Amino acid sequence: MTHRRFTAALVAGLLLRVATLALPGHEDVTTWKIWSYAASRDVTAMYGVGGDPPTRGIVTWGEHRTTVDYPPLFLYEYALVGHLFGALFPDYPDGLALLIAVKLPVLLASAGLTWLLFWSVRRVSGKDNPARWAALAYWLNPATIFGGEMLGYVDPLFMLPAVAALVLAFLGRPAWAGVLAGVALATKPQGILVGPALAVALWQHGGLAPMARAGITCGSVLLLTTLPFYLRGALPNMWLAFGAFYGRRDTMSAYAVNIGWIVNWALRCQEAVPELGFPAACLQLVPRPMTISNVPALGYPNPRPIGTALVLIATAWAAWRVWGRRDLSLVAALGAFTVHAFFVLSTGVHESHQLFEVPLLVLAAALRPRLWPLCFVVSAIVALNINLLYGIGWGMGWAVPRMITGVDLSVLLSFVNVGTLVWFARVLGRAVRE
């Protein structure tokens, strides 16, 4: 690919992404607006302050009220958004300007991640062409557009430091890798999914010593980001908010195309058979997620510990296979496999949580081209999963009809995603042997 064509593709991608900033996004975009306003007023009070027992903080913006369950660094980032927007619009009006303001950090993070993929592949391979393809495979990827500026998901804000931490660990910069891992984790909890691959990369570069340095710097970042809340007396309120973040996920699958969604569909089919008969009971649109608490009530074991155990087993197997192979493509593939296993096997997962797999797979495939087919399939699954739920924006339409296939397309996509995890395991094993 020539430099001119590469530049033209980047500009085209930028124009497309900027255009999507004006779309309404998904339902959490309103939450980012509320949080940006509240954070710019009093960020350390957002979780609540004091109380015996500690109380949850309620943040407001006009007539909107909600609670907070994201880590502190995310709140600091959106406090900055709120301060900048408030300086331009003191009344903090709802409208196109605020919509663009709360989406703009995602655009900047996506651009940074595109550059990081280009730089990393060129640094490791010594070639421009694979680096250019890596950048475009992320920047023009429908999954990263749907899961980024178009719908207002904030995952790129933690994906950028998480991928940078992995690259720096491989390049022998454990202290900075730890700092960026801490930034990712303090932005969104899913940053922890890079942990196994990060640990392998650090171990390969010197064993326990670099792992310890990375652990110290990572812990320091987490301590520094929570220190203002400790000084305010809001630390117990923060822990309460984080507990709500995990405890509220009483769903087999929050619209994620995985095993939980298949179980959701199968149990609803079972319940509907006496009324509708078979196969009509299984040819309906799955209306909503099923709660985990309903599963034991139907006589089945609690799926949460089972899912957690399966994720740990799958990740441990992949880490064991990659452990002795110092290769950035394999380390990145391990990170992607961890995300895929978590998404497919765990409970309470949301539709956007597989997005983190995409940049990791792009990095792996750019250095090991035989992984490109897997990268393309995963990208299609992620893009379609998000589109089935929100289209191109809340209330905008343009979603693929879920019943176009007779059986709910989200269910069929779930089976495909489970099969893709098995395919990924085989591809990873073959790549290690090579």
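Residues numbered from 1 in each chain as written. Predicted model: local features only at pLDDT ≥ 70, side-chain atom pairs only at ≥ 80, totals over all residues. Heavy atoms only, no water.

**Q** I keep staring at the packing of aromatic side chains and nothing clicks. Help me out?
**A** Within a pair of aromatic rings, the relevant descriptors are the distance that separates the centres and the angle that separates the planes. A full pass over the atoms with the stated rule returns 25 aromatic pairs. Seen from their ring centres, phenylalanine 74 and tyrosine 78 are 4.8 Å apart, and the 25 degrees between their planes marks the pair as stacked. Here the residue phenylalanine 74 and the residue tyrosine 78 both occupy positions in helix H3 (residues 72-88), the gap between them amounting to four residues, near one helical turn. For the pair shown, phenylalanine 74 and tyrosine 78 are each scored as buried. Taken together, the aromatic side chains of Trp32, Trp35, Tyr70, Phe74 and Tyr78 make up a single cluster linked through ring pairs. If you follow arginine 17 out to its NZ or CZ, it ends over the ring of tryptophan 139, 4.5 Å from the centre. The ring centre of phenylalanine 170 lies 4.7 Å from the NZ or CZ of arginine 326, which sits over that ring. (Phe/Tyr/Trp six-rings, centres within 6.5 Å; stacked < 30°, edge-to-face > 60°. Helix = DSSP H or I, 4+ residues; strand = E, 2+ residues; numbered from the N terminus. Buried < 20%, exposed > 50% of the residue type's maximum accessible area, 1.4 Å probe, protein only. Lys NZ or Arg CZ within 6 Å of the ring centre and 35° of its normal.)

**Q** Can you walk me through the pattern of salt bridges in this structure?
**A** It is possible for side chains bearing opposite charge to pair when their charged atoms get close. Going through the model one piece at a time under the given rule, you end up with nine salt bridges. Close ionic contact of aspartate 155 with lysine 188 constitutes a salt bridge, the shortest N to O distance being 3.2 Å. Of this pair, aspartate 155 sits in the loop between helix H6 (142-150) and helix H7 (156-170) while lysine 188 is found in the loop between helix H8 (174-187) and helix H9 (195-204), placing the two residues 33 residues apart along the sequence. A residue is classified by how much of its surface remains accessible, and lysine 188, at 5% relative accessible area, is buried. Among the ionic pairs, arginine 402 bridges to aspartate 408, the shortest N-O distance being 2.6 Å. Aspartate 408 gets classed as buried once you look at its relative accessible area, which sits at 0%. (Salt bridge = Lys/Arg side-chain N within 4 Å of Asp/Glu carboxyl O.)

**Q** Looking at this structure, I do not really get the side chain of asparagine 258. What am I missing?
**A** Tracing the backbone through its elements, the reader meets asparagine 258 in the loop between helix H11 (235-247) and helix H12 (259-276). A distance of 2.8 Å separates the side chain of asparagine 258 from the backbone oxygen of phenylalanine 343, its partner in a polar contact. Excluding anything up to four places from it in sequence, asparagine 258 contacts Ser253, Phe343, Val344, Ser346, Val349 and Ser414. (Polar contact = N/O pair within 3.5 Å; in protein donor to acceptor, adjacent residues only side chain to side chain. Contact = heavy atoms within 4.5 Å.)

**Q** Whenever I open this one, the packing of helix H14 (residues 303-322) against helix H18 (residues 409-433) confuses me. Can you help?
**A** In a packed pair of helices, the relevant descriptors are the angle between the two axes and the axis-to-axis distance. Between H14 and H18, the shortest axis-to-axis distance is 10 Å and the interhelical angle comes to 15 degrees. By the angle class used here, H14 and H18 are roughly parallel. As for how H14 packs across H18, the hand of that crossing is left-handed. Along the contact surface, H14 presents Trp317, Ala318, Arg321 and Val322, while H18 presents Ala425, Leu428, Gly429, Val432 and Arg433. Looking at side-chain class alone, the contact of H14 with H18 contains six nonpolar, one polar and two charged residues. (Axes fitted to C-alpha atoms, helices over the stretch in contact; angles between N-to-C directions. Parallel < 35°, antiparallel > 145°, perpendicular 65-115°, else oblique. Left-handed = near helix turned anticlockwise from the far one by under 90°. Nonpolar A, V, L, I, M, F, W, Y, C, P; charged D, E, K, R; others polar.)

**Q** When you look at the nonpolar core in this model, what are you seeing that I'm missing?
**A** In a soluble, globular protein the nonpolar side chains are often hidden away together inside. One finds Val163, Leu166, Val322, Phe356, Val362, Leu363 and Leu428 to be the most contacted residues of the largest nonpolar core, which totals 96 residues. Counting residues per element, this core draws most heavily on helix H15 (residues 328-345), which supplies 14 residues. Excluding residues that lie within four positions of it along the chain, valine 322 makes contacts with Val200, Gln204, Leu330, Val331, Leu334, Leu428 and Val432. Counting residues in each nonpolar core, the second largest holds 34 residues, with Ala38, Val43, Tyr78 and Val106 among its members. (Core = buried A, V, L, I, M, F, W, Y, C linked by side-chain atoms within 4.5 Å.)

**Q** Whenever I open this one, unusual backbone geometry confuses me. Can you help?
**A** With glycine set apart, most residues show a phi of negative sign, and most peptide bonds adopt trans. A cis geometry characterises the amide bond from aspartate 52 onward to proline 53, with omega recorded as 5 degrees. Put simply, phenylalanine 278 and proline 279 share a cis peptide bond, and its omega is 10 degrees. Following the sequence through the fold, proline 279 ends up in the loop between H12 and helix H13 (294-297). Positioned with a positive phi, tyrosine 255 is a non-glycine residue whose angle comes to about 70 degrees.

Any functional reading would require information that these geometric values do not contain.
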